[in-house]
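Structural characterization, general
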Amino acid sequence: MTKQRLLQHLQRTAGSCRAVAFDVFDTLLYRDVAAPADLFALMERTGRARPGFAAARRAAEAAARARHPGREVTLAEIYTRPELAGADPAAECAAERAVLRPDPDLLAAARACKDRGLRVYVVSDMYLPAAEIGEILRRAGFDFLDGVFVSSEYGVQKRSGRLFRTFLRQTGLRPAQVLFVGNDRRADALGAALAGIRCLLVPPPARPAHYGPPASAEEGALYAFLQGRGPRDPAGAAGYALLGPLLLAFAAWLRDNARPGVRMVFLARDMELVRRLYDRTAGAGASGYLRVSRRSLCPALLLRPLTGGALDLLADALPRQRLTVAQVLAYLGFAPGTALPGHPAGAEIDLRTRPLSRAAGELLLAAAALAKGPAGEPVRRQARLARAYLAGEGIGRDPVCLVDIGSGGTTQRILEELTGARLQGAYLACDERLHAQLPPDRAAAFLFGGRPAPLWYWAGQPMLERLISEPCAPTTAYEPAGEGVRPAVPADPAPVPGAVAAARAGALDFAADWLAGPWAGLGLPAEYAAAALLDLIRAPGRAEADALGDLTVEDGGEWPLAAPRRRADYLRDPRAFGRDLRDARWKTAFLRRALPLPLPWDKVYAALKHRQNG
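Let me begin by describing the structure that accompanies this report. Sequence order as written defines residue numbering, which begins from 1 separately in each chain. This being a predicted model, a pLDDT of at least 70 is required before a residue's local features are given, and a value of 80 or more before pairs of side-chain atoms are given or counted; all residues contribute to the totals for chains, interfaces and linings. Side-chain calculation: all heavy atoms of the structure are included, whereas hydrogens and water are not.

**Observations concerning helix α18 (residues 377-392)**
Look at α18: 23 Å from first C-alpha to last across 16 residues, which is about the 22 Å you get at 1.5 Å a residue. Summary of the burial criterion: residues with accessible area below 20% of their type's maximum are buried, those above 50% are exposed, and those between are partly exposed, where the area comes from a 1.4 Å probe applied to protein chains only. Put simply, DSSP marks the helices as runs of H or I at least four residues long and the strands as runs of E at least two long, and each gets a number from the N terminus on. For α18, the full list of buried residues reads V379, Q382, A383, L385, A386, Y389 and L390. Immediately downstream of α18, the backbone of G394 shows phi near 80°, a positive value. Take the residue count of a helix, subtract one, and multiply by 1.5 Å to get its expected span.

Next up, the structure:
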């Protein structure tokens, strides 16, 4: 039975009763832990309990139950055990109160029952005192209850039916006059039936999309925290449940690994959202924001002596695609229509291969020579402005750590080449090029233990980059501004797509909720969140693919994420399907939308990728 149908059935069935009784935990109230014992581990990890408390607390409860078989134990009996000598049960009660939150639908349903004249009770198996549970419920909005029946007060439990029979004796109600609402088939449904009471079972909350079962207390805290929270639209939900945990964990890692005297400088546009989260954890004004792109730095790089690895670095600054000569010259800062002798404007150059092809190397060397003549004035002007902008931002003068989404550390290497300074780099993820070019003590990657990211990360990085990047045009040039220099911005900025705005808002909302919640001081399980993001990339739901697939990304041009045409178009021109799949930057979502069949599109894509690489 769905939650909505259960609530409707509750309203109909309760009309023939005099009283409705509810289970408490996982029915009226949910904990921000996946398992009750996780609370003890998280108390210990967040400094609310001494080291070793979790194991001692579990041992003390087991010993107390062994000493009093057949009846419920109390919190006082647990804390009188020698394993917990010196521990304060009030700390556990405080921790319980902090992690509990009401189910808003059942709160409304219980209040509606009360408004209709029914008596409303709670019946719970729990070692906490009834007064404590009553106070927890009152704070959660259940301030209209007629009574609280807890197993620790009576020494009997629901599963035996004895606590229900005690409830009937104390209230003077007959079994037929009571409807019980719980979540556990054994303790609630069968236990109530043993006392002759009807029971409605609440369905378990939906698991957070793309998250697997938690394997630790930290993972369980995030898993439970996400249940029932966040927006319902697919883009907003992806931002809240997937981007928010991952980016907030990255921001906390940056804060915890910041070196004294080294300023964090976030690279535009990709890291603007991460910077906002970092400033929430490290303090406002704690960071810098550098509006550069590889394209905006290419003119200055082109004017450097192209000896040694400088030519390869210039090639790395260009999009790894097949570009025309005219596109390459535009990327390097030449004015539109500039001719390069011996290189027709429409001729294509393949910049994807390494080592660089002879034709590509000759083109870049010829462009460098052209930049020194009259045709190179726009290039030289932009090179001067770029250097002035970097100097004004303290790059090359102050100790800085550059923060980027990451792959091979190209922007860091370009800035080092232009300034002559050794910089630090911190990356969300990396590929095999990063540590081939930069040693680990100068470039660290957050995800995957610093190892190269897996296939599914790169399959979805364009989508990730689109959602977390500042919604503005890239920095491609600079202009004078008074005595300084500023990035040139378009007069008419493009509107922000709704999916981007929703995902970014969802990520910020998650950060606000988590930092205001009970586990603000707990390190988020980054690998767990990353695995959920990879699952979205690998196997998006139809609603997610539709919500995000029409977005475009920039990479030496504008490319669709996953926007297939109508199937009728592909029937008329089958080759168009191959072209569109090649251009799509989120291929599993493209396949999911283009061919809505229950097929393992992740395996299809992996096979195609293997065939291409093979």
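**Some words on the pairing of strand β4 (residues 119-124)**
Side-chain positions along a regular strand alternate between the two faces of the sheet. Across the six residues that make up β4, a large majority, five, are buried. Of the pairings in the sheet, the one linking strand β1 (residues 19-22) to β4 comprises four bridges and is parallel in character. Following the sheet pairing, A19 is matched in β4 by R119. Only when DSSP finds a minimum of two bridges between them are two strands counted as paired. For β4 and strand β5 (residues 147-150), the ladder comprises four bridges, and the chain directions are parallel. Note on β5: the bridge partner recorded for S124 is V150. For crossovers, right-handed means that the path from the first strand over the helix to the second runs clockwise, given strands pointing away from the viewer. Handedness of the β4-helix α7 (residues 130-139)-β5 crossover: right-handed.

**A look at unusual backbone geometry**
A cis geometry characterises the amide bond from A268 onward to R269, with omega recorded as -5°. By the secondary structure assignment, R269 is in the loop between β8 (263-267) and α13 (272-282). Residue P355 is bonded to the preceding R354 through a cis peptide linkage, with omega at 5°. With respect to the secondary-structure elements, P355 resides in the loop between β11 (348-350) and α17 (358-371).

**Observations regarding the pattern of salt bridges**
Counted as salt bridges are all cases of a side-chain nitrogen of Lys or Arg within 4 Å of a carboxyl oxygen of Asp or Glu. For the structure shown, the criterion picks out 47 salt bridges. The residue D583 makes a salt bridge to R582 at a minimum N-O spacing of 3.3 Å. What you see here is one network of salt bridges that share partners, running through R57, E61, R65, E72 and E92.

**Observations regarding the sheet that holds β4**
A sheet is described by the order of its strands in space; here five strands give the open sequence β5-β4-β1-β6-β7, paired in parallel fashion. Looking at strand neighbours, the two that pair on one side only are β5 and β7 (198-201), the edges of this open sheet. Each strand axis lies, on average, 25° off the axis of its neighbour in the sheet, ignoring direction. The strands that helix α1 (residues 3-14) touches are β1, β6 (178-182) and β7; relative to β7, the one it contacts most, it runs at about 160°. An axis is simply a line fitted to the C-alpha atoms; with a helix, the fit covers only the stretch in contact. Between two such axes, the angle follows the N-to-C directions and lies from 0 to 180 degrees. Only heavy atoms enter the contact rule, under which two residues are in contact if any of them lie within 4.5 Å.

**Regarding the side chain of Q412**
Here Q412 lies in helix α19 (residues 410-419). A residue is classified by how much of its surface remains accessible, and Q412, at 1% relative accessible area, is buried. If we skip the residues at most four places from it in the chain, Q412 touches L402, L423, Q424, G425, Y427, L438, R442 and A443.

**Concerning the packing of aromatic side chains**
Only the six-membered ring of Trp is used, alongside the rings of Phe and Tyr, when aromatic pairs are assigned; centres must lie within 6.5 Å, and planes under 30 degrees apart are stacked while those over 60 apart are edge-to-face, with the rest tilted. The final tally for this structure, using the stated rule, is 22 aromatic pairs. An angle of 90° between the planes, with centres 5.5 Å apart, marks the rings of Y240 and F510 as edge-to-face. Here Y240 is found in helix α12 (residues 234-256), whereas its partner F510 is found in helix α22 (residues 498-516), with 270 residues between them in sequence. Per residue, the accessibility class of Y240 equals that of F510, and both read buried. In textbook terms, an aromatic cluster arises when at least three aromatic residues are bridged by ring pairs, as seen for Y121, F149, Y154 and F167. It is R57 that lies over the ring of Y127; its NZ or CZ is 4.9 Å from the centre. We note R229 situated over the ring of F225; from NZ or CZ to the ring centre the distance is 3.9 Å. We call a charge positioned over a ring when the NZ of a Lys or the CZ of an Arg lies within 6 Å of the ring centre and within 35 degrees of the ring normal.

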